[in-house]
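An overview of the molecular structure
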Amino acid sequence: MGDSQTWTAAPSAAERARSVLAAAWSCAVTAQGAREEFVGAHTVTEDGGVLLDVPEESMLLAAAICAPRGEPSAVLEFADVAPVPVRNRIRTRLWLAGWFVPADGKLACQATRVVLREPSGAVVVGLGEFAAAVPDPLATAEARLLTHLADCHADAVERLTRLVDSDSLHGAVRVQPLAVDRHGLTLRIERARAHGDVRLAFHRPADDIAQLTERMHVLLTQASAAACPRALQRQRTDGDG
């Protein structure tokens, strides 16, 4: 099968949801009308289950004691925040609605509904799909990778804009790496009062850092052979870059 047809895929909604969960360090829980924030308190099981280690003074424990059958309904919210400073840094929100049940000294969330909200809209993820999906292999390293690209290789980011349609770059004042997964790199193009995102697909998936390095090298080689976008040239000439 040709690479041009096989490797232009993007992660499924279930995979994106599992990636948000894998990389998240904190979560917010709403139960019995109260909201509580937890940092570094949750772990994720192989099938996407969430185990929450809550302190004794947590309102969630009180809710678990007082709720019928000791199973309070709750909503867990995870925010996927871009590691590079850009406008609207929250890229995705993930909500798990369900019940909490005691499990080995922790509270286990038994999800009955999974919702992924992205700029394009909200998607309900099937429970079976969510449990069977695996996180993107780059998910836990993404923040470090994007920060390094933005801080140490701004010239490479600018070169990659040669792969972007010139209409998308019209009026651009800044371009930053917004996201990366095994299938491609997403750039955030910011204008004076608006912004947009452009995805650059890899020629084949990257399952580890070494493969990602090779995929980025291919993109940069393609960019070097492309003409410099006029829109970006004009923006730099005007002194806005």
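Note: the structure precedes this text.
Below you will find a few notes about this structure. Just so we're clear, the structure is a prediction, and the values are computed from it rather than from any experiment.

Our focus in this paragraph is the nonpolar core. If you look at the biggest cluster of nonpolar residues, it comprises 29 residues, and the most contacted ones within it are Leu-160, Leu-185, Leu-187, Leu-212 and Met-216. Mapped by element, the contributors of at least two residues to this core are α5 (142-152), α6 (154-160), β9 (172-181), β10 (184-191), β11 (195-201) and α7 (209-224). With residues up to four places along the chain from it excluded, the contact list for Leu-185 reads Leu-146, Leu-149, Leu-160, Pro-177, Ala-179, Val-180, Val-198, Arg-199, Leu-200, Phe-202 and Met-216.

Attention shifts here to the sheet that holds β11. Strand order in the open sheet formed by three strands is β9-β10-β11, and the pairing between neighbours is antiparallel. The open sheet terminates on both sides in strands that have one partner only, identified here as β9 and β11. When strand polarity is set aside, the average angle formed by the axes of neighbouring strands in this sheet is 25°. Summarising the sheet, β10 and β11 pair through seven bridges and their orientation is antiparallel. Note that in β11 the partner of Leu-187 across the bridge is Val-198. Here α5 sits on the sheet and contacts β9 and β10; the angle it forms with β9, its principal contact strand, is near 150°.

A few words now on the layout of surface pockets. Here the largest pocket is characterised by a volume of approximately 950 Å³. In terms of lining, the largest pocket is formed by 40 residues, of which the most central are Asp-80, Arg-91, Thr-92, Glu-142 and Ala-179. Elements with a contribution of two residues or more to the lining of the largest pocket: α2 (13-23), β5 (73-81), β6 (90-103), β7 (106-118), α5, β9, β10 and β11. In terms of residue count, α2 provides more of the lining of the largest pocket than any other element does, five residues in total. For the lining of the largest pocket, a count of residues per class yields 20 nonpolar, eight polar and twelve charged. Taken together, 15 residues line the second largest pocket, and the ones lying closest to its centre are Leu-145, His-148, Leu-149, His-153 and Met-216. At the level of elements, α5 and α7 are the ones that each hand at least two residues to the lining of the second largest pocket. For the lining of the second largest pocket, the element with the highest residue contribution is α7, accounting for six residues. Per-class residue counts for the lining of the second largest pocket are ten nonpolar, four polar and one charged.

Calculation notes
- Residues numbered from 1 in each chain as written.
- Predicted model: local features only at pLDDT ≥ 70, side-chain atom pairs only at ≥ 80, totals over all residues.
- Heavy atoms only, no water.
- Core = buried A, V, L, I, M, F, W, Y, C linked by side-chain atoms within 4.5 Å.
- Buried < 20%, exposed > 50% of the residue type's maximum accessible area, 1.4 Å probe, protein only.
- Helix = DSSP H or I, 4+ residues; strand = E, 2+ residues; numbered from the N terminus.
- Contact = heavy atoms within 4.5 Å.
- Pairing = 2+ DSSP bridges.
- Axes fitted to C-alpha atoms, helices over the stretch in contact; angles between N-to-C directions.
- 1 Å grid on protein atoms, 1.4 Å probe; cavity = no way out; pocket = protein on both sides within 12 Å on 5 of 7 lines; lining within 4 Å.
- Points joined across faces, edges and corners; volume = space filled by probe spheres on them.
- Nonpolar A, V, L, I, M, F, W, Y, C, P; charged D, E, K, R; others polar.

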